[in-house]
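These are the residues of each chain, in order.
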Amino acid sequence: MSRRIPRWVALVVWPVLLGAVHAALPFELSRLGRRLGWRNGRGRPGPANLVGLVPLVAGAALLSWALGEHYRAAPDRSWAIKRGLEPEYLLTDGPYRLTRNPMHLGGIGIWTGWTAWFGSAPVGAGLVVLTAIYGAGIAWEERIMERRWGDWWRAYARRTPRWMSLGLPRR
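First things first, this report covers the structure right here in the doc. (Residues numbered from 1 in each chain as written. Predicted model: local features only at pLDDT ≥ 70, side-chain atom pairs only at ≥ 80, totals over all residues. Heavy atoms only, no water.)

**Overview of the layout of surface pockets**
We count it as follows: A cavity, in this analysis, means grid points on a 1 Å lattice covering only the protein atoms where a 1.4 Å probe fits yet has no way out; a pocket is instead an open set bounded by protein on both sides within 12 Å along at least five of seven lines, and a residue lines either one if it has an atom within 4 Å of a point. Grid points are joined across faces, edges and corners, and a volume is the space filled by probe spheres set on the points. Only runs of H or I of at least four residues qualify as helices and only runs of E of at least two qualify as strands under DSSP, and these elements are numbered from the N terminus.
What the second largest pocket holds in volume is close to 160 Å³. Contributing to the lining of the second largest pocket are 13 residues, with Leu-18, His-22, Ala-60, Leu-63 and Ile-110 lying nearest its centre. In terms of residue count, the dominant contributor to the lining of the second largest pocket is helix H1 (residues 8-30) (6 residues).

**What about the pattern of salt bridges?**
We count it as follows: We count a salt bridge whenever a side-chain nitrogen from Lys or Arg sits within 4 Å of a carboxyl oxygen from Asp or Glu.
Following the criterion strictly, the structure yields 6 salt bridges and no others. Here Arg-100 and Glu-142 are joined by a salt bridge, their closest N and O atoms 2.9 Å apart. On the criterion of sequence distance, the pair formed by Arg-100 in the loop between strand E2 (78-82) and helix H4 (102-118) and Glu-142 in helix H5 (residues 121-149) is long-range, its members being 42 residues apart.

**A word on helix H3 (residues 53-73)**
Heads up, the condition is: Expected span of a helix, by definition, is 1.5 Å for each gap between consecutive residues, and there is one gap fewer than residues. Relative accessibility decides the category of a residue: with a 1.4 Å probe and only protein chains considered, values under 20% of the type maximum give buried, values over 50% give exposed, and everything between is partly exposed.
Compared with an ideal rise of 1.5 Å per residue, which puts 21 residues at 30 Å, H3 spans 30 Å between its outermost C-alpha atoms and is within 8% of the ideal. Along H3, the positions that sit buried rather than exposed are Leu-56, Gly-59, Leu-62, Leu-63, Ala-66, Gly-68 and Glu-69.

**Observations regarding the nonpolar core**
The criterion, for reference: Residues enter a nonpolar core if they are buried and are Ala, Val, Leu, Ile, Met, Phe, Trp, Tyr or Cys, with the set joined through side-chain atoms within 4.5 Å. Whether two residues are in contact is decided by their heavy atoms: any pair within 4.5 Å suffices.
If you look at the biggest cluster of nonpolar residues, it comprises 15 residues, and the most contacted ones within it are Ile-110, Trp-111, Trp-114, Trp-117, Phe-118 and Val-123. Broken down by secondary-structure element, the contributors of at least two residues to this core are H1, H3, H4 and H5. When residues in this core are grouped by element, the largest group, 6 residues, is from H4. With near-sequence residues (within four places) excluded, Phe-118 lies in contact with Pro-26, Phe-27, Ser-30, Arg-35, Leu-36, Trp-38, Asn-49 and Val-123. Judged by nonpolar contacts, the second largest core, of 9 residues, contains Leu-91, Trp-149, Trp-153 and Tyr-156.

Read these as geometric descriptors, not functional statements.
Laid out in structure tokens, this is it:
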């Protein structure tokens, strides 16, 4: 069973959902402990904390790029919500040429950035939990993709790394 809702709803739902998970939650977790590297513990970030902006911005850019590709690729101008979560299309271009999991990698980048920015052990613990959830979810997602797309998926998986190759030759 699938239910179709207007495509524009994705433009509202995804930013709210991702903002809650990748911005509000790390901020709230950072309030649970001391912010290492910050002047007076809470004043402003120190130089080492500013390094966190690099993975934060890179992760947000990768995640946004992947979401944009999904929005463009979604068939028939509507957004399907399906019980089985089997995709109606297989993305292999854009960020999906670099990694099979740009949304997961982008989320990990964002949380890595927040961990450094806040200098926060609770945010770091959240990063570990998120990475474990993504790791377990990827195996499940890939079984779905292989069942749905068969040889096409297997060929894509052979040429595209699960995480990211950065242009290095694959073995």
